[in-house]
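For reference, the chains in residue letters:
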Amino acid sequence: MDFTLPMVEKFVGIVLRTIKYSDNLMIADMYTQSHGRLSFLVPMSRSKRSKVRNVLFQPLSVISFSAPFKGVSSLVRLSEAQPYLMYSTLPYDVVKSAIALYLAEFLAAVLREEGDSESLFDYICCSLEFLDKAEEGYSNFHILFLLRLTRFLGISPNVEEACEGSYFDLMAGAIVHEQPLHGQFLSQADTMLFVKLLQMDLSSMHSMQLSRNARWEYLTLLHNYYRLHVPDFPEIKSIDVLRELFS
């Protein structure tokens, strides 16, 4: 029998959610740069002298930490943690923190262990840095974030053949030139707007002026698209917080 202790590794991870495990421990679901999605045991201590402070484990906090690594299915305890990405506005701005809470729940629902974790990790971190620094013009941020996230999950909409008079078939995830017989498709006008959204990046998203109703229609559409293409996609409860803030 092998009694060799696992090596302690250094990690950088994005906090997706925390769950109480016992009176003095919680489980933190993390998306790590090196190993994708992992879970760790975190001691629940409010002491400023503690090497693992609970305040670090807010949704979408990015931290560096040490822990013995036994594989993706093992639950191990963190030994120390510190901030990796320092936010200046995200935790304190009501709208931005609501967006972060929503995206954390969404990411917890769709991220799996497999996949290219480093490129996806970098995408999430760069997006969060952009949101943190943005002073205005970020009301479409969550929509664009979810659209671009599809590329990393292998479910990116195929709109290469888009043209006037075409439709976007949500079930096929692609442009079609005849109206589908089922009801899961976008109208011709909405298809062209959808294509424009897909062509945007974070720096140009402010140029797309969407009304409040249009923004919610597209967010509902995206939830439906993910539901069609991500197995066991759940109801995202924190969307109601966004609805209240942006109403």
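All residue numbers refer to position in the chain's written sequence, counted from 1. Only residues with pLDDT of at least 70 get local features here, since the model is predicted, and only at 80 or more are side-chain atom pairs given and counted; chain-wide, interface and lining totals rely on the full set of residues. With hydrogens and water excluded, all non-hydrogen atoms of the structure serve as input to the side-chain values.

J.: What exactly am I supposed to notice about unusual backbone geometry here?
T.: Trans is the common state for peptide bonds, and a negative phi is the common state for residues other than glycine. The phi dihedral of Leu-60 falls on the positive side, at around 70 degrees, and the residue is not glycine. Only runs of H or I of at least four residues qualify as helices and only runs of E of at least two qualify as strands under DSSP, and these elements are numbered from the N terminus. Along the chain, Leu-60 turns up in the loop between strand 3 (36–43) and strand 4 (62–68). Of the residues examined, Leu-60 reaches a relative accessible area of 1% and is grouped as buried. If you check the backbone angles, Asp-232 has positive phi at about 60 degrees while not being a glycine. Residue class for Asp-232 comes out exposed when judged on its relative accessible area of 75%. Here's how the labels work: a residue is buried when its accessible area is under 20% of the maximum for its type, exposed when over 50%, partly exposed in between, all with a 1.4 Å probe on protein chains only.

J.: Teacher, can you tell me more about a nonpolar patch on the surface here?
T.: On the surface, Val-94, Leu-101, Val-241 and Leu-245 cluster together into a nonpolar patch covering about 310 Å² of accessible area. For the nonpolar patch, the secondary structure elements donating two or more residues are helix 1 (94–110) and helix 6 (239–246). Within the secondary structure, Val-94 sits in helix 1. On the basis of relative accessible area, Val-94 is assigned to the exposed category, the value being 55%. Patch members must show over 30% relative accessible area and no salt bridge, and they are joined within 9 Å when carrying like charges or within 5 Å when they are nonpolar side chains of Val, Leu, Ile, Met, Phe, Trp or Tyr. Per-residue accessibility takes into account occlusion by the displayed protein chains alone, with areas from the Shrake-Rupley method and a 1.4 Å probe. In the sections that follow, a salt bridge refers to a side-chain nitrogen of Lys or Arg positioned within 4 Å of a carboxyl oxygen of Asp or Glu.

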